[in-house]
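Read off the chains here:
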Amino acid sequence: MDNKIYKRVIDEANYIINTKKTIREIAFNKNVSKSTVHKDLHERLYYIDKNLYNQVEKILKYHLQIRHINGGYATKMKYKKLERNDILVSKDIGIDLGTANVLIYVKGQGIVLNEPSVVAVSSETKEILAVGKEAHQMLGRTPGKVKAIRPLKDGVIADFELTEAMLNIFLKKVKGKGKFSKPRILICCPSNITQVERNAIKEAAEVTGAKRVFVEEEPKVAAIGAGLDISVPSASMVIDIGGGTTDIAILSLGDIVTSKSIRVAGDLFDQEIIKYVKNKYKLLIGERTAEDIKTEIGTVYPESKKGKKTIRGRDLVTGLPNSITISSKEVQEALKDAIYKIIYAAKNVLEETMPELSADIVNKGIVVTGGGALIDGIDKLLEEELKVPIKVAEDPLTCVAQGTAIMLDNINLLQK
Ligand SMILES: Nc1ncnc2c1ncn2[C@@H]1O[C@H](COP(=O)(O)OP(=O)(O)O)[C@@H](O)[C@H]1O
Ligand SMILES: [Mg+2]
């Protein structure tokens, strides 16, 4: 719509809104019948421009929750003044559908949603009770009747219906805050999913009224979000350490050349900490405690971060609550096996790459993204083991969401 028409649409819509009266009131004041008022409104718009009329009606339906301008539903008007940029803008949406966190980016607004990928379900009725942050609170402390599920936990979609429902609820939440007319949606999913799952996710987003839906693989978008220019004929390498999976990819000329996805990432780090504490201290701790240990005092590099943390759990011998103090050094020991699995996978990917491309990587280095990139010492350890410069992305948890922003602005980057 050109600017002139646009302004008319806004003006006309505001005229109707500014009457701040119901059709009945207007009719009463003017001493005419309601149908005359309807006709007047109708004429004001319809005879100017049929297209304009449809647009205004659309705005009013959306904003004021009336069904027809001339249908007597004006009583439901909310008297809100419309702004130039308020409406009819097709806002692009980028979604990072991660195994641990879902982030939603909206063009012009930035990242508007950042919540754990968790759904709380009633085990009796199978009804969804909560999603995101609210559902996350229930993880590990749900009463028998409530199950908190992470539908994407292992990087494959374990429960498609729940994934779809979660996606829909998040999208509704985002749409409730803004005005959307048929957005383009870019979804990034774990690179392990099958073509069938990929199509299903696409459909789930299409159902929400999207104009176009694009599905991309996470490591590619993460690389773009981390500021790499992957369009050049020189290789870039990214290691994305998420919750369920670590995705390692080499990219060149806008696409993935070699990649590998392993189920060793943040969740496994937590499990390793649980195992360590159980074996060494005969103390049982929960996943959330393990995650706290990891993020607060965790390190993967010997002689790196120093810290201690006192934690509570259940003593396996007495069955009673007990507490112990764990050190960074111990966490480093606990995480050693897992982190070396990531290192071996990265070495593998490098070995499988054409010599010219690996030469590029030796020069440019590797970028590490995803929440796992935040663990202390990861850069030093990877640098020593892989003999390549390592750069941790500036904001590893939002790289993918930022990447969607860049891709949506550069349509040529999107796969058809
Ligand atoms: N400061 C931190 N140190 C270590 N791990 C962290 C830190 N912050 C977050 N994480 C871990 O990052 C993982 C989530 O990363 P994210 O990139 O959001 O995953 P995904 O893309 O799979 O949803 C979780 O396992 C979380 O525990
Ligand atoms: Mg991710």
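As the structure is a computational prediction, the values presented were derived from the model and not from experiment.

Participant: I would appreciate a short explanation of the site of ligand 1 in the present structure.
Facilitator: Close to ligand 1 lie 19 residues; Gly98, Gly242, Gly266, Gly371 and Leu374 are nearest. Looking at the shell around ligand 1, the elements that each hand over two or more residues are helix H9 (266–281) and helix H10 (287–297). With 3 residues, H10 is the largest single contributor of residues to the shell around ligand 1.

Participant: I keep staring at helix H8 (residues 218–225) and nothing clicks. Help me out?
Facilitator: Residue pairs three or four apart in sequence face the same way in an α-helix, which turns once every 3.6 residues. The element H8 is largely enclosed, with a buried count of 8 among its 8 residues. Residues Glu218, Pro219, Lys220, Val221, Ala222, Ala223, Ile224 and Gly225 constitute the buried set of H8. Downstream of H8 by a residue or two, glycine 227 has a phi angle that is positive, lying close to 95°.

Participant: What exactly am I supposed to notice about the pairing of strand E7 (residues 184–189) here?
Facilitator: Within a regular beta strand, the side chains point alternately toward one face of the sheet and then the other, so they alternate between its two faces. Judged by how many residues are buried, E7 sits mostly within the fold: 5 of 6 residues are covered. Pairing analysis gives 4 bridges linking strand E1 (residues 93–97) to E7, with the strands arranged parallel. The residue bridging isoleucine 95 from the neighbouring strand is isoleucine 187, located in E7. Two elements, E7 and strand E8 (residues 212–217), share 6 bridges in a ladder whose sense is parallel. Its bridge partner being in E8, leucine 186 is matched across the sheet by phenylalanine 214. In the classification by handedness, the crossover that spans E7, the intervening helix H7 (residues 195–207) and the parallel E8 is right-handed.

Participant: Would you mind showing me how to read the environment of glycine 371 here?
Facilitator: For glycine 371, the location among the structural elements is in the loop between strand E15 (366–369) and helix H13 (378–386). A residue is classified by how many C-beta atoms lie within 10 Å of it, and glycine 371, with 20 of them, is buried. A sequence separation of 130 residues divides glycine 371 from isoleucine 241, and the C-alpha atoms of the two residues are 6.3 Å apart. Residues contacting glycine 371, with those up to four places away along its chain left out, are Ala100, Gly242, Gly243, Gly266, Pro396 and Leu397.

Participant: Quick question: what am I supposed to make of helix H14 (residues 399–409) here?
Facilitator: Counting buried positions along H14 yields 9 of 11 residues, so the element is predominantly enclosed. The complete set of buried residues in H14 reads Cys399, Val400, Ala401, Gln402, Gly403, Thr404, Ala405, Met407 and Leu408.

Participant: Explanation requested: the nonpolar core in the structure shown.
Facilitator: A general feature of soluble globular proteins is that nonpolar side chains tend to end up buried together. Formed by 96 residues in total, the largest nonpolar core has its most connected members in Ile104, Ile187 and Val368. Among the elements that make up this core, the one with the highest residue count is helix H11 (residues 328–351) (9 residues). A domain-level breakdown of this core finds at least three residues from each of domain 2 (93–220 + 404–413) and domain 3 (228–392). Beyond its immediate sequence surroundings of up to four residues, isoleucine 104 is in contact with Ile93, Ile95, Val112, Leu113, Phe170 and Val174.

Cut-off values and rules
- Residues numbered from 1 in each chain as written.
- Chains lettered and ligands numbered in written order.
- Predicted model: local features only at pLDDT ≥ 70, side-chain atom pairs only at ≥ 80, totals over all residues.
- Near = placed C-beta within 6 Å.
- Helix = DSSP H or I, 4+ residues; strand = E, 2+ residues; numbered from the N terminus.
- Buried ≥ 20, exposed ≤ 12 C-beta atoms within 10 Å, placed from the backbone.
- Pairing = 2+ DSSP bridges.
- Right-handed = clockwise from strand over helix to strand, strands pointing away.
- Contact = placed C-beta atoms within 7 Å.
- Core = buried A, V, L, I, M, F, W, Y, C linked by C-beta atoms within 7 Å.
- Domains from an automatic or database assignment.

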